[in-house]
Amino acid sequence: MKALHFGAGNIGRGFIGKLLADAGIQLTFADVNQVVLDALNARHSYQVHVVGEQEQVDTVSNVNAVSSIGDEVIDLIAEVDLVTTAVGPVVLERIAPSVAKGLVLRRANGNEKPLNIIACENMVRGTSQLKAHVLKALPEDDQAWVEEHVGFVDSAVDRIVPPSASATNDPLEVTVETFSEWIVDKTQFKGELPNIAGMELTDNLMAFVERKLFTLNTGHAITAYLGQLAGHQTIRDAILDEKIRAVVKGAMDESGAVLIKRYGFDADKHAAYIQKILGRFENPYLKDDVERVGRQPLRKLSAGDRLIKPLLGTLEYDLPHANLVEGIAAAMHYRSEQDPQAQELVALLTQTGPQATLAQVSGLDANSDVVAQAVKAYNAKA
Ligand SMILES: NC(=O)c1ccc[n+]([C@@H]2O[C@H](COP(=O)([O-])OP(=O)(O)OC[C@H]3O[C@@H](n4cnc5c(N)ncnc54)[C@H](O)[C@@H]3O)[C@@H](O)[C@H]2O)c1
Ligand SMILES: O=P(O)(O)OC[C@@H](O)[C@@H](O)[C@H](O)[C@H](O)CO
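In this convention, every chain numbers its residues from 1, walking through the sequence in written order. A letter from A marks each chain and a number from 1 marks each ligand, given out in the order of writing. With the structure being a predicted model, the display of local features is reserved for residues of pLDDT at least 70 and the display and counting of side-chain atom pairs for 80 or more, all residues being used for whole-chain, interface and lining totals. The side-chain figures draw on all heavy atoms in the structure; neither hydrogens nor water molecules are used.

S.K.: Describe the packing of aromatic side chains, and please don't skip the residues or the numbers.
M.R.: Pairs were defined over the aromatic rings of Phe, Tyr and Trp, the Trp ring being its six-membered one, requiring ring centres within 6.5 Å. Orientation was assigned from the angle between planes: stacked under 30 degrees, edge-to-face over 60, tilted for the rest. Following the criterion strictly, the structure yields three aromatic pairs and no others. Taking 5.3 Å as the distance between ring centres and 70 degrees as the angle between the ring planes, the aromatic pair formed by Y225 and Y334 counts as edge-to-face. In this pair, Y225 is assigned in helix α7 (residues 205-229) and Y334 in the loop between α14 (322-331) and α15 (340-362), connecting sequence segments 109 residues apart. Like Y225, the residue Y334 is buried in the burial classification. Lysine and arginine charges are scored as sitting over a ring when NZ or CZ, respectively, is within 6 Å of the ring centre and within 35 degrees of the ring normal. One cation-aromatic arrangement involves R211 over Y273; the distance from NZ or CZ to the ring centre is 4.2 Å. Numbered from the N terminus, helices here are DSSP runs of H or I no shorter than four residues, and strands are runs of E no shorter than two. Here's how the labels work: a residue is buried when its accessible area is under 20% of the maximum for its type, exposed when over 50%, partly exposed in between, all with a 1.4 Å probe on protein chains only.

This is the structure in C-alpha cells:
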C-alpha cells in the first residue's frame, strides 16, 4: 500500500506519518518546508521520542518527501491508495488544487483503484471541507468519476505534539505523549476497509469528533488563554495554577453537559475522560507553550470551533456557561507577535471594540445577553 501525507509537521511526523510507516505502508510526505524535505530525503528516517513515565525512542524508516508545490505531488495522487493531511485547517483550501489535478491525472491514467483521503485536522468534518474545495477545483466532467472512486473520510485525531526541543537541532526529531487516538468514519471509505494498527473505525464519528474537540481542545485553549494572561509560559504551568484549573475544569464540565445531552454519553465516563485530559495537560515530560495552543484565535473563536460551539450548546439546552464565557473573554486578550490572527484580533478590537469584535468573529448576536456577559468578563481582565 502507498500513502501520501501532506504536512510533515508535529502531528504529521509524530503521529499519522509514524502510524502509516509503522504499518509497512510506503509513505511519502508532502510539505513546503525545504529544510524538512531535504532532511527527509537525505536520511529517509527520523526519531520519535515518546515521553511518559518511561521514555521510548522509535525510529520511523523508509519515508520519502516531495514538495507539495509541483508535479511530483500530482503524480503521487494519481498513484497512491491513501492520502492523509495534517497541515492546519486554513491550508486545506491551498492543497485542494493539487489534489484535484492529481485526481484528473489518475482518471486519465485509467487508475480505477479506490483512493481514500483523510484530513487529520482539529475541525469538525475537515475531510468533507477538503472535498468541497477539491470539487470546486475539478472540471465538471471529472466530478462523477471522483465521487465513484474516491472516498473522503472524516476523522478525529488526538495526540499532544508540541514542537520538539531537540538538543541537536534536528529538524525531524519529534516529541510526543504516549496517548494517541485516531478515529475515522468507516461509512465513507471506498473499497475495502483498511486495517492499520492505531486507526479505529466507527460509524458514529460526530460523537467522537465533538467529544474530542469540545472537551480536550476547549480546555486546552482556555488553559492557554488564561495562562498567557496570568504570565505562564507553558500549558503545564497554567493548569497547575489552581484558579485557572478551576475555570478550565468548569468549562469542560459545561461543554460536557451539552455532549452528554446531545450524544447520550455516560456522565461518569465523561467525568473520567475530563480528569484524564487534565492529567495530560500536566504532563511534566512535554514543554507545550501557551502560544502554540492559543494560535489562530480567530479560528478558535469562530462559530463552529471549540469555544463558541459548546457555548451555543449551553444556550440551546439552557445550561450553565459562566466558565466558557471566561474562556472566550480570555481568548479575546490573546496576543502574539508571530500570529497574523492575533494581530487581526487586536486591530478589530481597536477599531470596533469588544462587543462588535466578538459578534463579528463568532457570529453571536451583538445584542445578546451572552455577548454582554463576555464583554463584561473581557473588561474585567483588561
Ligand atoms: N500538534 C498537535 O498536538 C495536534 C494534535 C491533533 C491535531 N493537530 C492538528 O494537526 C494539524 C497540523 O498541526 P501541527 O501541530 O502538526 O502543525 P505544524 O505547524 O507542526 O505542521 C504543519 C505542517 O504543514 C506544512 N504545510 C504548510 N502549508 C503546506 C502546504 N501547502 N502543503 C503541505 N504542507 C504544508 C508545514 O510546513 C508544517 O510542516 C492542525 O490541523 C492541528 O490542529 C495537531
Ligand atoms: O492545533 P490547534 O491549533 O487546533 O489546537 C492547539 C492544540 O489544542 C492541539 O494541537 C492539541 O495539542 C491537539 O488537538 C491534541 O490532540
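S.K.: So what's going on with the side chain of D170? Residues and values would help.
M.R.: Assignment of secondary structure puts D170 in the loop between β9 (155-158) and β10 (174-177). With relative accessibility at 18%, the residue D170 sits in the buried group. Pairs of N or O atoms are called polar contacts if they sit within 3.5 Å, as long as, within protein, a hydrogen donor faces a hydrogen acceptor (for residues adjacent in sequence, only side-chain-to-side-chain pairs). At 2.9 Å, the side chain of D170 and the side chain of R43 are in polar contact.

S.K.: Just give me the short version of the site of ligand 2, but keep the residues and values in it.
M.R.: Here, proximity means that at least one heavy atom of the residue falls within 4 Å of the molecule or strand. Among the 15 residues in the neighbourhood of ligand 2, the closest are listed as D158, K212, H220, R292 and R299. Side-chain polar atom of K212 to an oxygen atom of ligand 2: 2.6 Å apart, as the coordinates give it. Within the side chain of N217, a nitrogen or oxygen atom sits 2.9 Å from an oxygen atom of ligand 2. In isolation ligand 2 offers 400 Å² of accessible surface; the protein chains occlude 94% of this area. Taken together, the residues of the shell around ligand 2 break down into four nonpolar, three polar and eight charged. Per-residue accessibility takes into account occlusion by the displayed protein chains alone, with areas from the Shrake-Rupley method and a 1.4 Å probe. Polar here means any residue outside two lists: the nonpolar Ala, Val, Leu, Ile, Met, Phe, Trp, Tyr, Cys and Pro, and the charged Asp, Glu, Lys and Arg; Gly therefore counts as polar.

S.K.: Explain the environment of V83 to me, using residue names and the numbers behind them.
M.R.: Relative to the helices and strands, V83 is located in strand β6 (residues 82-85). With 77 residues separating them in the primary sequence, V83 and F6 have C-alpha atoms 7.7 Å apart. Two residues form a contact once any of their heavy atoms are found within 4.5 Å. Not counting residues up to four positions away in its chain, the partners in contact with V83 are L4, F6, I77, L115, N116, I117 and I118.

S.K.: Lay out unusual backbone geometry in plain terms, naming residues and giving numbers.
M.R.: Of note, the phi angle at R125 is positive, near 50 degrees, even though the residue is not glycine. Look at D318: it is not a glycine, yet its phi comes out positive at around 55 degrees. Following the sequence through the fold, D318 ends up in the loop between α13 (308-317) and α14. Accessibility expressed as a relative area gives 70% for D318, which makes it exposed.

S.K.: Break down the environment of T178 for me, citing the residues and quoting the values.
M.R.: Looking at the element boundaries, T178 is found in the loop between β10 and β11 (181-185). For T178, a relative accessible area of 52% translates into the label exposed. For the pair formed by T178 and L92, sequence separation is 86 residues and the distance between their alpha carbons is 28 Å. Once residues within four sequence positions are removed from consideration, T178 is found in contact with V50, V51, G52 and R159.

S.K.: Residues and numbers for the site of ligand 1, please.
M.R.: In the vicinity of ligand 1 there are 25 residues, among which I11, D31, S68, E121 and V161 approach most closely. Between ligand 1 and S68 there is a distance of 2.7 Å, counted from a nitrogen atom to a side-chain nitrogen or oxygen. Separating an oxygen atom of ligand 1 from a side-chain N or O atom of E121 is a distance of 2.5 Å. Among the elements of the structure, α1 (10-22) and β2 (26-31) are those that each provide at least two residues to the shell around ligand 1. When the residues that make up the shell around ligand 1 are grouped by side-chain class, the tally is 13 nonpolar, seven polar and five charged.

S.K.: Account for the sheet that holds β10, naming residues and giving values.
M.R.: Think of a sheet as strands paired side by side through backbone hydrogen bonds, with each pair either parallel or antiparallel. By this definition, two strands are paired if DSSP reports at least two bridges between them. With respect to topology, three strands assemble into an open sheet ordered β4-β3-β10, the strand pairing being mixed. Of all the strands in the sheet, just β4 (56-60) and β10 have a single pairing partner and so form its edges. For this sheet, the mean angle separating the axes of adjacent strands, direction not counted, is 30 degrees. Sheet analysis places strand β3 (residues 46-51) next to β4, joined by five bridges and oriented antiparallel. Bridge pairing in β4 places Y46 opposite V60. Each axis is a line fitted through C-alpha atoms, taken for helices only over the stretch in contact, and angles between the N-to-C directions span 0 to 180 degrees. Where α1 meets the sheet, it contacts β3, β4 and β10, and its direction lies at approximately 100 degrees from that of β3.

S.K.: Just give me the short version of the packing of α15 against helix α16 (residues 369-380), but keep the residues and values in it.
M.R.: In contact at an axis separation of 8 Å, α15 and α16 are set at 130 degrees when each is read in the N-to-C sense. As the angle between them shows, α15 and α16 are arranged oblique. Between α15, through L349, P354, Q355 and L358, and α16, the contact on the second element is made entirely by V371, A374, V375, Y378 and N379. By definition in this entry, angles of less than 35 degrees are roughly parallel, angles greater than 145 are roughly antiparallel, angles of 65 to 115 are roughly perpendicular, and the rest are oblique.

S.K.: Before we move on, can you summarise the sheet that holds strand β7 (residues 115-119) with the specific residues and values?
M.R.: Taking strand neighbours across the sheet as the criterion, the six strands line up as β5-β2-β1-β6-β7-β8 in an open arrangement whose pairing is parallel. Looking along the sheet, the strands with just one partner apiece sit at the ends: β5 (63-67) and β8 (150-153). Taking the axes of each pair of neighbouring strands and ignoring which way they run, one obtains an average angle of 20 degrees across the sheet. Here β2 pairs with β5 via five bridges, running parallel. What sits directly across from L27, in β5, is V63. Across the sheet, helix α4 (residues 92-108) lies against β1 (2-6), β6, β7 and β8, angled at about 175 degrees from β7, the strand it touches most. Sheet contacts for helix α5 (residues 126-137): β6, β7 and β8; angle to β7, the most-contacted strand, approximately 120 degrees.

S.K.: Describe the pairing of β7, naming the residues involved and giving the relevant values.
M.R.: Along β7, five of the five residues are buried, which leaves the element largely enclosed by surrounding structure. With burial as the criterion, each face of β7 is covered, one bearing L115, I117 and A119 and the other bearing N116 and I118. Sheet topology note: the β6/β7 ladder contains four bridges and is parallel. Looking across to β7, one finds that L82 is bridged to N116. Orient the strands so they point away from the viewer, and a crossover whose first-strand-to-second-strand path over the helix runs clockwise is right-handed. Regarding the hand of the β-α-β motif, the stretch spanning β6, α4 and β7 is right-handed. Here four bridges tie β7 to β8, and the two strands are oriented parallel to one another.

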